[in-house]
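Below are the chains, spelled out letter by letter.
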Amino acid sequence: MASPSKAGAALAALREDLVGDVFAPGDPGYDEARAVFNAMIDRRPAVIAQCVDESDVVRSVRFARDLDLPVAVRGGGHSVAGMALGDGAVVVDLRHMRAVGVDPAAEAVRIAGGATMSDLDRACQPHRLATTGGRASTTGVGGFVLGGGSGWLDRCCGLAVDNLLGVELVTADGERIHASGDENPDLFWALHGGGGNFGVATALTLKLHELPEFSIALLLYLPEYGREVTRTYRDVIAAGPDEASGAALYMTAPPAEFVPPHLVGTRLVAALLTYAGTEADLRKLAEPLLALPHESEVVGAMPYADVQCMLDDPPGMRNYWSAEYLTDAPDDLVDAFCASGESVPVPTGTMHALFPQGGAIAAGPHEYPVPYRDAPWAVHPFGLWEDPADDERCVQWVRDVRTAVRPWSTGAVYLNFIGDEGTDRVVAGVGADNAQRLGQVKRRYDPDNVFRFNHNIKPI
Ligand SMILES: Cc1cc2nc3c(=O)[nH]c(=O)nc-3n(C[C@H](O)[C@H](O)[C@H](O)COP(=O)(O)OP(=O)(O)OC[C@H]3O[C@@H](n4cnc5c(N)ncnc54)[C@H](O)[C@@H]3O)c2cc1C
């Protein structure tokens, strides 16, 4: 622990040297700077360094090391466990580092470490190119990719990590290094699911895919059709091509254009079929879902970057999430999923999703620390509500969903879909063998566990 005078002098020097802004407790703007997506998170970092470039990141990490303080890295601030912040930590805040450079000829994109999904998708859209991205436009690309990366394109383009070509990183020593298949390959391997454990990714390069057309069918049904809808959705996906994805969902109907006004605020079932292809082909695929009695439908071609904003949740809500990855989705699993859906807390923003996996996810490289790759389906309950009085019932509902579907669980989980559920779940999220190897890579690049505000891998 540094003396107060040393800490004060170092902070003054950081304020002077950093091109971006620096916030410490008591500064105007400090509370705004420490707010994250999940309103349940209330952490008080020692310093928030809003970096504008790689040099700012190096300065901030070295500042933390000089004072023996841990470093938290903030990308989009979407971690449901609030891992972008740490009490008493130096937060390397990347929100002002959002440049995206598309290279259409190479079908690759270089993304600064604080860019959001929207920055990425909007830059690629004019080139009719895309890569697997998260389903909300404000999610940070950094946390999303380093954790694995699941989205509407993963069944045809692979997980985000399967598209990772290189990472520019600032290590715990404040050194700049590059990781790729040729350079620092062990570190590069660890960045395929090991999250922010190994340093600050100041830029990531991802492979792009041609995406000339994208279409969706979003249908809303009354809850009494839930089992039929979910089974039909499952069968449509199982018989369809890898370009098809989406989700079966239970939710409170939002006040949106596609919701008939008399149903706003009620519990509904939705089938969302996304398709990396034409509307005509999508319509054929969606026929069995369209044949079921539904309350509203949106079917048509839509730019991928626009679809990516459709499920955007407002910030400032309270959140508690979890997930189970499944061996299969037989009828009795569907029954269990739907029974949980019938008790989804309303009226809240909570959603209960059955996500298809398979396709390019299952066919992807098996050496990376993403052990949920082989699961054909995932159940992802995400509790989202406004009133602290709802904390207990919403958190309990998420826990009950896990219990209900556990008989079908593979035991592996995608860490970006869960909060802080303890060490065993971190191991389940990277795989037991991989956990050992990740611990060794951690020892090499961050022996003091400076980067500990994440699904933490301890150095071994
Ligand atoms: C509304 C919403 C929708 C979502 N949808 C999806 C989805 O469809 N698919 C999916 O896979 N996930 C999804 N997620 C989960 C999301 O991928 C994770 O929460 C992810 O960690 C968010 O990254 P972030 O940069 O926004 O978060 P942050 O909270 O800023 O960071 C999360 C973790 O990543 C680390 N990190 C972030 N950026 C960097 C960086 N540049 N270098 C090093 N470490 C970094 C942080 O230190 C922290 O440990 C969603 C989350 C939300 C809130």
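Residues numbered from 1 in each chain as written. Predicted model: local features only at pLDDT ≥ 70, side-chain atom pairs only at ≥ 80, totals over all residues. Heavy atoms only, no water.

1. Overview of the overall build of the chain
Argument step 1. Counting secondary structure elements, the chain contains 15 helices and 19 strands.
Argument step 2. Relative to the globule expectation of 23 Å for 460 residues, the C-alpha radius of gyration of the chain, 22 Å, shows essentially globular dimensions.
Argument step 3. Once the C-alpha set of the chain is aligned to its principal axes, its extents read approximately 70 × 50 × 40 Å.
Argument step 4. Contacts in the chain between residues at least 24 apart in sequence constitute 72% of all its contacts with a sequence separation of at least 6.
Argument step 5. Across the chain, the centroid of the 37 positively charged side chains sits 5 Å from that of the 62 negatively charged ones. (Helix = DSSP H or I, 4+ residues; strand = E, 2+ residues; numbered from the N terminus. Rg over C-alpha atoms; globule rule 2.2 N^0.38 Å. Contact = heavy atoms within 4.5 Å. Lys, Arg positive; Asp, Glu negative; His and termini not counted. Charge placed at Lys NZ, Arg CZ, Asp CG, Glu CD.)

2. A look at the site of the ligand
Argument step 1. Taken together, 34 residues lie around the ligand, and Gly-75, Gly-77, Arg-135, Ser-150 and Tyr-414 are the ones closest in.
Argument step 2. At a separation of 3.2 Å, a nitrogen atom of the ligand approaches a polar backbone atom of Gly-113.
Argument step 3. With respect to the ligand, the side chain of Asn-416 contributes an N or O atom lying 3.2 Å from an oxygen atom.
Argument step 4. Contact with the protein chains hides 96% of the accessible area of the ligand, taken as 940 Å² for the molecule alone.
Argument step 5. At the level of secondary structure, the elements contributing two or more residues to the shell around the ligand comprise strand 3 (71-74), helix 5 (141-147) and strand 10 (200-207).
Argument step 6. Counting residues per element, the shell around the ligand draws most heavily on helix 5, at four residues. (Near = heavy atom within 4 Å. Polar contact = N/O pair within 3.5 Å; in protein donor to acceptor, adjacent residues only side chain to side chain. Areas by Shrake-Rupley, 256 points an atom, 1.4 Å probe, with all protein chains shown as cover.)

3. What about the side chain of Ser-245?
Argument step 1. Position of Ser-245 among the secondary structure elements: in strand 13 (residues 244-252).
Argument step 2. The class of Ser-245 is buried, set by a relative accessible area of 1%.
Argument step 3. Discounting chain neighbours no more than four positions away, the residues touching Ser-245 are Trp-152, Asp-154, Arg-155, Tyr-233, Ile-237, Leu-272, Leu-273, Thr-274 and Pro-356. (Buried < 20%, exposed > 50% of the residue type's maximum accessible area, 1.4 Å probe, protein only.)

4. Remarks on the sheet that holds strand 4 (residues 90-93)
Argument step 1. Across the sheet, four strands lie side by side as 1-2-4-3; this open sheet has mixed pairing. Two strands close off the open sheet at either side, each with one partner strand: strand 1 (22-23) and strand 3.
Argument step 2. One ladder, built from four bridges, connects strand 2 (residues 47-50) with strand 4; its direction is parallel. Its bridge partner being in strand 4, Ile-48 is matched across the sheet by Val-91. (Pairing = 2+ DSSP bridges.)

5. Concerning the nonpolar core
Argument step 1. If you look at the biggest cluster of nonpolar residues, it comprises 77 residues, and the most contacted ones within it are Phe-214 and Tyr-325.
Argument step 2. If you look at the next biggest cluster of nonpolar residues, it comprises 36 residues, including Leu-292, Ala-336, Val-344 and Val-401. (Core = buried A, V, L, I, M, F, W, Y, C linked by side-chain atoms within 4.5 Å.)

6. Comments concerning the pattern of salt bridges
Argument step 1. One pass over the full model with this rule turns up 30 salt bridges.
Argument step 2. The salt bridge involving Arg-34 is made with Asp-31; its shortest N-O contact spans 2.8 Å.
Argument step 3. Taking the relative accessible area as the measure of exposure, Arg-34 reaches 12% and is therefore buried. (Salt bridge = Lys/Arg side-chain N within 4 Å of Asp/Glu carboxyl O.)

7. Considering the sheet that holds strand 10
Argument step 1. Strand order in the open sheet formed by five strands is 5-6-10-8-9, and the pairing between neighbours is antiparallel. A strand with exactly one partner marks an edge of an open sheet, and here the two such strands are strand 5 (100-103) and strand 9 (176-180). Taking the axes of each pair of neighbouring strands and ignoring which way they run, one obtains an average angle of 15° across the sheet.
Argument step 2. When strand 8 (residues 164-170) meets strand 9, the two strands line up antiparallel, connected through five bridges. Across the sheet, Leu-169 pairs through a bridge with Ile-177, a residue of strand 9.
Argument step 3. Strand contacts of helix 4 (residues 117-124): strand 5, strand 6 (108-112) and strand 10, with the helix running at about 30° to strand 5, the strand carrying the most contacts. (Axes fitted to C-alpha atoms, helices over the stretch in contact; angles between N-to-C directions.)

8. Description of the environment of Tyr-372
Argument step 1. Within the secondary structure, Tyr-372 is located in the loop between helix 12 (360-363) and strand 19 (377-385).
Argument step 2. Judged by relative accessible area, which is 1%, Tyr-372 ranks as buried.
Argument step 3. Not counting chain neighbours up to four residues away, the residues in contact with Tyr-372 comprise Gly-147, Gly-148, Leu-159, Tyr-325, Ala-412, Val-413, Tyr-414 and Gly-429.

9. Overview of helix 13 (residues 391-405)
Argument step 1. The terminal C-alpha atoms of helix 13, which comprises 15 residues, lie 22 Å apart, in line with the 21 Å expected from a rise of 1.5 Å per residue.
Argument step 2. For helix 13, the complete set of buried residues consists of Asp-391, Cys-394, Val-395, Trp-397, Val-398, Val-401, Arg-402 and Val-405. Across the axial projection of helix 13, the buried residues extend over an arc of 155°, all falling on one side.
Argument step 3. If you follow the buried residues of helix 13, they end up packed against strand 16 (318-321), strand 17 (324-326), helix 11 (331-341), strand 18 (351-356), strand 19 and helix 14 (423-430). (Expected span 1.5 Å × (residues − 1). Arc of directions from axis to C-beta.)

10. As for the pairing of strand 8
Argument step 1. Most of strand 8 is tucked away: six of the seven residues are buried.
Argument step 2. Sheet topology places strand 8 next to strand 10; six bridges connect them, and they run antiparallel. Across the sheet, residue Glu-168 finds its bridge partner in strand 10, namely Ala-203.
Argument step 3. Once strand 8 ends, the chain turns through five residues before running back antiparallel as strand 9, passing Gly-174 with a positive phi of about 80°.

11. Some remarks on the environment of Ala-105
Argument step 1. Of note, Ala-105 is situated in the loop between strand 5 and strand 6.
Argument step 2. Residues Ala-105 and Met-117, twelve residues apart in the sequence, show an inter-C-alpha distance of 22 Å.

12. Looking at the packing of aromatic side chains
Aromatic ring pairs: the centre-centre distance and the angle between the two ring planes describe each pair.
Argument step 1. Considering all chains together, one arrives at nine aromatic pairs under this definition.
Argument step 2. Between Tyr-250 and Phe-337, the ring centres sit 5.9 Å apart and the planes meet at 65°, which makes this aromatic pair edge-to-face. Here Tyr-250 is found in strand 13, whereas its partner Phe-337 is found in helix 11, with 87 residues between them in sequence.
Argument step 3. Owing to a relative accessible area of 0%, Tyr-250 belongs among the buried residues under this scheme.
Argument step 4. Three or more aromatic residues joined by ring pairs make a cluster, and in this case those are Trp-152, Tyr-325, Phe-355, Tyr-372, Tyr-414 and Phe-417.
Argument step 5. In this arrangement the basic side chain of Arg-135 is found over the ring face of Trp-152, its NZ or CZ atom lying 4.8 Å from the centre. (Phe/Tyr/Trp six-rings, centres within 6.5 Å; stacked < 30°, edge-to-face > 60°. Lys NZ or Arg CZ within 6 Å of the ring centre and 35° of its normal.)

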